[in-house]
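# Geometric and topological summary
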Amino acid sequence: MDSTALNKELSMNVITPLYLFLAEDDYIARSYYALLKKKAVDNAFTELNISEYDARKSNPTDVIASCMTLPIMAEHRVVSVRDASFAKCSELCETLVRYSKKTCETTVLVVYANGIDKRTSLYKSFSQNGKIVEFAKLKQADLVKWIRSSLKKKNLEIAENALRFFIDSSDYLSKDSEIDLGYFANEIDKLALSAPKGTELTQAMLKQTLSVNISEDIFRFSDDLLSGNLADAYLQIEKLLYHNAAFQQISAVVAKAIRTFCICRSLNEQGKSEASIAKEYGLHPYVVKKSIAAGANFSLSEGKKALLVLNQLDVAVKVGEIEPNVALALLAQEIGGRTFHFAERTAV
């Protein structure tokens with residue numbers, strides 16, 4: 001099932017006791033989760049009938065106890081459990097599988113992940129006993145419609161070349177991009193504050209307002225992290241915060257740079273030439289050369305730890321555990337300072 005099918009069911013007040021949300025686009029998934037809560041629970045009793053858990057910090061017994069609790073002055077109660085992949089939550093997964101075979105009729109359980117191995121018992125059980133909803137990223141045509149529609153609600157239009165610039169600069173459509181629709185929503189809000197109603201936005205206007213205007217600063221920040229230049233990394237953070245750059249956009253660029261480093265360094269150590277790496281992975285030769293050269297200050301094992309840190313911080317920001325500005329400072333300290341405390345926490 002996709003988001004369109006879920007929207008149709010919710011519009012008819014069809015609610016299932018068991019959902020597995022697979023959020024490739026976290027913004028879309030969060031929007032539908034909010035809609036599901038609104039449909040399932042009366043606003044007057046929201047706090048009494050909604051329980052939300054972080055999978056890695058929660059006791060499976062507590063989660064199931066919430067699932068088996070009857071709603072208070074409402075038809076349903078909603079219980080959600082969230083993790084990036086549930087790969088390291090074996091006890092909780094087993095508990096959820098058992099519950100999925102005999103659910104409480106008045107509880108709506110939402111297991112929320114960015115991706116789950118379809119071979120797992122959790123995925124198979126929810127597929128058989130509940131509904132799996134995949135929140136895929138929008139294709140280009142749908143993204144164009146969504147942006148135009150969102151701007152229209154703000155009484156704004158956008159020129160064709162400006163729209164292309166908006167999309168291309170975001171990196172949303174790239175295969176490994178971690179940018180979701182939330183980036184566009186935030187930038188459109190900023191544009192609505194700076195542009196008079198009825199304005200047709202131009203590329204020049206976007207360059208003055210959008211976070212993408214500081215992409216060069218983000219690339220410099222990535223380079224400073226790889227080289228271990230903490231002083232310059234903190235200076236870049238000041239610039240990024242001044243321009244209200246979204247943490248998600250920054251972390252996506254940094255993650256892409258480190259993934260590229262890991263690929264190039266690993267293949268180079270296996271004896272592959274820069275030219276063959278560039279050809280095989282469709283990378284610019286300069287990018288390959290630069291990534292391999294970064295190995296003088298950054299090891300492959302550190303690159304893998306850095307990706308774990310990025311994942312942990314990204315999740316922490318999305319669930320509201322850490323403020324974006326704090327996450328940026330931690331990002332610099334963890335990767336630029338080579339401390340990797342978050343990576344060690346993930347490994348545990």
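Because the structure is a prediction, the values reported are computed rather than measured.

## Considering the overall build of the protein
Broken down by element type, the protein carries 18 helices and seven strands. Its C-alpha atoms give the protein a radius of gyration of 22 Å, within 12% of the compact-globule value 20 Å for 348 residues. Overall, the C-alpha framework of the protein stretches about 60 × 55 × 35 Å when taken along its three principal axes. Scored against the burial criterion, the 348 residues of the protein give a buried share of 46%.

## Digging into the packing of aromatic side chains
Inspection of the entire model under this criterion finds 11 aromatic pairs. Here the aromatic rings of Tyr33 and Tyr112 are separated by 6.4 Å at their centres, their planes lie at 80°, and the arrangement is edge-to-face. Highlighted residues: Tyr33 in helix H2 (residues 26-40) and Tyr112 in strand E4 (residues 107-113), separated in sequence by 79 residues. We note Lys137 situated over the ring of Tyr172; from NZ or CZ to the ring centre the distance is 4.7 Å.

## A word on the pairing of E4
Regular strands show a simple pattern: their side chains alternate between the two faces of the sheet. The element E4 is largely enclosed, with a buried count of seven among its seven residues. Along E4, one buried face is formed by Thr107, Leu109, Val111 and Ala113 and the opposite face, lined by Val108, Val110 and Tyr112, is buried too. Where strand E1 (residues 18-23) and E4 come together, five bridges link them in parallel fashion. The residue of E4 that forms the bridge with Tyr19 is Val110. The sheet contact formed by strand E3 (residues 77-82) and E4 spans six bridges and is parallel. Its bridge partner being in E4, Val79 is matched across the sheet by Leu109. Handedness of the crossover joining E3 and E4 through helix H5 (residues 90-100): right-handed.

## Considering the sheet that holds strand E2 (residues 50-54)
Two orientations exist for strands paired in a sheet by backbone hydrogen bonds: parallel and antiparallel. Ordered in space as E2-E3-E4-E1-E5, the five strands form an open sheet in which the pairing is parallel. The strands lining the two open edges of the sheet, one partner per strand, are E2 and strand E5 (131-135). On average, adjacent strands in this sheet sit at an angle of 15° to one another, irrespective of strand direction. On the sheet, H2 packs against E1, E2, E3, E4 and E5 and is oriented at approximately 175° with respect to E4. Along the sheet, H5 makes contact with E1, E3 and E4, crossing E4 at roughly 145°.

## Structural notes on H5
Every buried residue of H5 is listed here: Leu92, Cys93, Thr95, Leu96, Val97, Tyr99 and Ser100. Check the buried side of H5 and you find it contacts E1, helix H4 (60-68), E3, E4 and helix H6 (121-129).

## Looking at the pattern of salt bridges
Evaluation of the coordinates by the stated rule reveals 15 salt bridges. In this structure, Asp83 and Arg56 form a salt bridge, with 2.9 Å as the shortest nitrogen-oxygen distance. With Asp83 in the loop between E3 and H5 and Arg56 in the loop between E2 and H4, the pair connects residues that are 27 residues apart, well separated along the chain. The class of Arg56 is partly exposed, set by a relative accessible area of 36%. Here the salt bridges do not stand alone but share partners, grouping Asp26, Arg30 and Arg82 into one network.

## Some remarks on the pairing of E1
Counting buried positions along E1 yields six of six residues, so the element is predominantly enclosed. Judged by which residues are buried, E1 turns out to be covered on both faces: Leu18, Leu20 and Leu22 on one side and Tyr19, Phe21 and Ala23 on the other are all buried. Where E1 lies against E5, five bridges are found, and the strand directions are parallel. Residue pairing in the sheet places Leu20 in a bridge with Ile132 of E5.

## What to know about the state of the cysteines
Tallying each qualifying case throughout the model produces zero disulfides. We note that Cys89 lacks a disulfide partner, and the nearest cysteine sulfur, in Cys93, lies 5.8 Å from it. The thiol of Cys262 is not disulfide-bonded; the next cysteine sulfur, from Cys264, is found 9.6 Å away.

## Here's the deal with the side chain of Ser66
Looking at where Ser66 falls in the secondary structure, it is placed in helix H4. Aside from chain neighbours lying at most four places away, what touches Ser66 is Ser51, Tyr53, Arg77, Val79 and Thr107.

## A few points about a nonpolar patch on the surface
Among the surface-exposed residues, Leu48, Ile72 and Met73 lie close enough to one another that they form a single nonpolar patch of about 310 Å² accessible area. When you line up the elements, Ile72 lands in the loop between H4 and E3.

## Brief notes about the packing of helix H7 (residues 140-153) against helix H8 (residues 160-170)
Helix-helix packing is described using two parameters, namely the angle between the two axes and the distance between the axes. Closest axis-to-axis distance for the H7/H8 pair is 11 Å, and the angle between their directions is 110°. By the criterion of interaxial angle, the relationship of H7 to H8 is roughly perpendicular. The handedness of the crossing between H7 and H8 is right-handed. Residue-level contacts link Leu143, Val144, Ile147 and Arg148 of H7 to Glu160, Leu163, Phe166 and Ile167 of H8. Of the residues contributing to the contact of H7 with H8, the split by class is six nonpolar, no polar and two charged.

Definitions and cut-offs
- Residues numbered from 1 in each chain as written.
- Predicted model: local features only at pLDDT ≥ 70, side-chain atom pairs only at ≥ 80, totals over all residues.
- Heavy atoms only, no water.
- Helix = DSSP H or I, 4+ residues; strand = E, 2+ residues; numbered from the N terminus.
- Rg over C-alpha atoms; globule rule 2.2 N^0.38 Å.
- Buried < 20%, exposed > 50% of the residue type's maximum accessible area, 1.4 Å probe, protein only.
- Phe/Tyr/Trp six-rings, centres within 6.5 Å; stacked < 30°, edge-to-face > 60°.
- Lys NZ or Arg CZ within 6 Å of the ring centre and 35° of its normal.
- Pairing = 2+ DSSP bridges.
- Right-handed = clockwise from strand over helix to strand, strands pointing away.
- Axes fitted to C-alpha atoms, helices over the stretch in contact; angles between N-to-C directions.
- Contact = heavy atoms within 4.5 Å.
- Salt bridge = Lys/Arg side-chain N within 4 Å of Asp/Glu carboxyl O.
- Disulfide = S-S within 2.5 Å.
- Patch = residues over 30% accessible without salt bridge, like charges linked within 9 Å, V, L, I, M, F, W, Y side chains within 5 Å.
- Areas by Shrake-Rupley, 256 points an atom, 1.4 Å probe, with all protein chains shown as cover.
- Parallel < 35°, antiparallel > 145°, perpendicular 65-115°, else oblique.
- Left-handed = near helix turned anticlockwise from the far one by under 90°.
- Nonpolar A, V, L, I, M, F, W, Y, C, P; charged D, E, K, R; others polar.

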